Amino acid sequence: MTREDLVAKIRTLAKDVYKGRLKADVAAAEYDELTKFPELKKVIVDLLSPDFDYFLASIDWVAPRPTTFRINLKNGQDFYLIYTPKTFIAQIEGKKYYLLNLNEEESACESIARILRYGGKTEASTEGTETGTETETSIEEPVAEPVAEPVA
């Protein structure tokens, strides 16, 4: 590999990395919390990729101390990110992941992928109800066929 090939390869990779950061910056402008807390944006990009906007519905700041954010996904699921002086803690489906450790960050990413696969919330069906009052539904029992008597 010559010096020119190496320089060309580095330029190509740098453009790809920079393009991903631009996507994240444009998407972050929609969420006030990401502009107020730049560390939060970095964590969300690490967990969801620079295309996080496709998956997020909203971000809620739910507690001041410890600073806690509820990350609402578009499929109706959510998880929490808790800020500590050293790192963020992701609480996903009741399990805590300390994002300072690489293996726990990977596990958090897998958990988020799992809850993204759940799909959207389904509304309860309204069959059998009319204007908030229940109606009776009749269940038909099978009718027994007449039994032919044996001929003697």
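Quantities reported herein were computed from a predicted structural model and do not represent experimental measurements.

The rules we used
- Here the residue numbers are simple positions, counted from 1 along each chain's written sequence.
- The predicted origin of the model limits local features to residues at a pLDDT of at least 70 and limits the giving and counting of side-chain atom pairs to 80 or more, whereas totals for whole chains, interfaces and linings rest on all residues.
- Neither water nor hydrogens contribute to the side-chain values; these are computed over all heavy atoms in the structure.
- Side-chain atoms within 4.5 Å link the members of a nonpolar core, which is a set of buried Ala, Val, Leu, Ile, Met, Phe, Trp, Tyr and Cys residues.
- Three exposure classes are used, based on accessible area relative to the maximum for each residue type with a 1.4 Å probe and protein chains only: buried under 20%, partly exposed in between, and exposed over 50%.
- Helix and strand assignments follow DSSP, with helices taken as H or I runs no shorter than four residues and strands as E runs no shorter than two, numbered in order from the N terminus.
- The contact definition used throughout considers only heavy atoms, calling two residues in contact when any of these lie within 4.5 Å.

1. A short note on the nonpolar core
Consideration 1: Counting residues in each nonpolar core, the largest one holds 23 residues, and the members touching the most others are Leu40, Ile44, Leu47, Phe79, Leu81 and Leu99.
Consideration 2: Elements that contribute at least two residues to this core include exactly α3 (38-48), β1 (56-63), β2 (68-73), β3 (78-83), β4 (88-92) and α4 (102-117).
Consideration 3: Looking at this core element by element, the count peaks at five residues for α3.
Consideration 4: Discounting chain neighbours no more than four positions away, the residues touching Leu47 are Phe79, Leu81, Leu99, Glu105, Ala108, Cys109 and Ile112.

2. Some points on unusual backbone geometry
Consideration 1: Pro66 follows Arg65 through a cis peptide bond whose omega is -15 degrees.
Consideration 2: Along the chain, Pro66 falls in the loop between β1 and β2.
Consideration 3: Despite not being glycine, Glu93 has its phi angle at roughly 55 degrees, a positive value.
Consideration 4: Among the secondary structure elements, Glu93 is positioned in the loop between β4 and β5 (95-98).
Consideration 5: By relative accessible area, which is 45% here, Glu93 ends up partly exposed.

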